Amino acid sequence: MSTAMPFAADTTLLSEVTAAVKTAGRTLRERHTPHARGVSLDEVVAEIHANDDAVLDVLREPLLRARPGSRWAEDELAGGALPAGEWWVVDPAEGNINHVHGLEDWAVTATLVRDNRPVLTVVHLPLTGDTYTAVAGGGARLNDRPLKVSAKTDLGAALIGTGQARPGEDERTFRRIGDSVTAMLINGLVVRVSVPATMQLIHVAAGRMDAFWQFSDVRSGLVAGALLVSEAGGTVTDLAGEPWTTGSRDFLAAAPGIHAAARKVLSTIA
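Residues numbered from 1 in each chain as written. Predicted model: local features only at pLDDT ≥ 70, side-chain atom pairs only at ≥ 80, totals over all residues. Heavy atoms only, no water.

As annotated in an unreviewed UniProt entry, the protein chain carries the name Inositol monophosphatase family protein and is attributed to Kitasatospora misakiensis.

What follows deals with the sheet that holds strand β7 (residues 145-146). Across the sheet, which stays open at both edges, the 7 strands sit in the order β1-β2-β3-β4-β5-β6-β7 with mixed pairing between neighbours. Among the strands making up the open sheet, the edge pair consists of β1 (71-72) and β7. This element, helix α2 (residues 41-66), spans β1, β2 (86-94) and β3 (107-114) of the sheet and lies at about 150 degrees to β2. Against the sheet, helix α6 (residues 223-231) touches β2, β3, β4 (117-125), β5 (130-135) and β6 (140-142), its axis set at about 100 degrees to β4. (Pairing = 2+ DSSP bridges. Helix = DSSP H or I, 4+ residues; strand = E, 2+ residues; numbered from the N terminus. Contact = heavy atoms within 4.5 Å. Axes fitted to C-alpha atoms, helices over the stretch in contact; angles between N-to-C directions.)

With 26 residues, α2 extends 37 Å between its outermost C-alpha atoms, agreeing within 8% with the 38 Å of an ideal straight helix rising 1.5 Å per residue. At L56, α2 shows its largest kink, close to 40 degrees. Listed as buried for α2 are V44, I48, N51, D52, V55, L59, L63, L64 and A66. (Expected span 1.5 Å × (residues − 1). Bend = angle between axes of the 7 residues up to and from the residue. Buried < 20%, exposed > 50% of the residue type's maximum accessible area, 1.4 Å probe, protein only.)

What follows covers unusual backbone geometry. Look at the link from V195 to P196: it is a cis peptide, with omega at 0 degrees. By secondary structure assignment, the location of P196 is in the loop between β9 (190-193) and α5 (197-205).

The next point concerns the packing of helix α4 (residues 171-187) against helix α7 (residues 256-266). Where α4 contacts α7, the axes come no closer than 9 Å and their chain directions differ by 135 degrees. Regarding the angle of α4 to α7, the classification is oblique. Considering only the axes of α4 and α7, their crossing is right-handed. Only A262, V265 and L266 of α7 make contact with α4, whose side of the interface consists of S180, A183, M184 and N187. Looking at the contact of α4 with α7 residue by residue, the classes come out as 5 nonpolar, 2 polar and no charged. (Parallel < 35°, antiparallel > 145°, perpendicular 65-115°, else oblique. Left-handed = near helix turned anticlockwise from the far one by under 90°. Nonpolar A, V, L, I, M, F, W, Y, C, P; charged D, E, K, R; others polar.)

What follows is the structure, encoded as structure tokens:
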């Protein structure tokens, strides 16, 4: 199959996926409150699951129908490579913890992954109405405007970010995060530490931030942003400098002018 054929088919598919994600976004917006919901851990977790279930009820079938033969990656917190073929990697409430605490940094995301590489993505922010889209080989867009990463070449002038991928990761990972933040505070300008990853990666794709790294392989938080950043002209690799795929163990997305410097700093973290 020629490369033109998948691109043309994916571009045609984009409008259908965008419509489905926006419909799901309305469901999530209707569930949002300006105050926190849940006090105990059990209550917070129950609210998170309720959000996921409500959105998946309106999102799953339209996406599977839009791409016959595609499969669904069930566990949104899973990582590692997927079997060959086409998979929907979806986060029905990316930033769910923010949503249930009355914050505004959350979205609905849907990404088509083909042979472990994202080829189409939609990230919709229901509170603002903004929609970020990308098709492999076709560029990245915010609504109707093309996206372009930062032109910075000095890590010392860079706004960079990271965050944890999920609660309860091992202590070694948490210590690596802390050590890496310290290293970047020394070498960069400002470091943001927040969740979810996608909400930082859209800023990298739009040139508002200059880099984002993560010591984790939770694919639902990375696939959308990886495609957006790469299609906006950014460099997306693992911390060894190899091209990133869903099988990679860590992640760095950056403006080309600071990618090497950022990777050099992060490579010192044991």
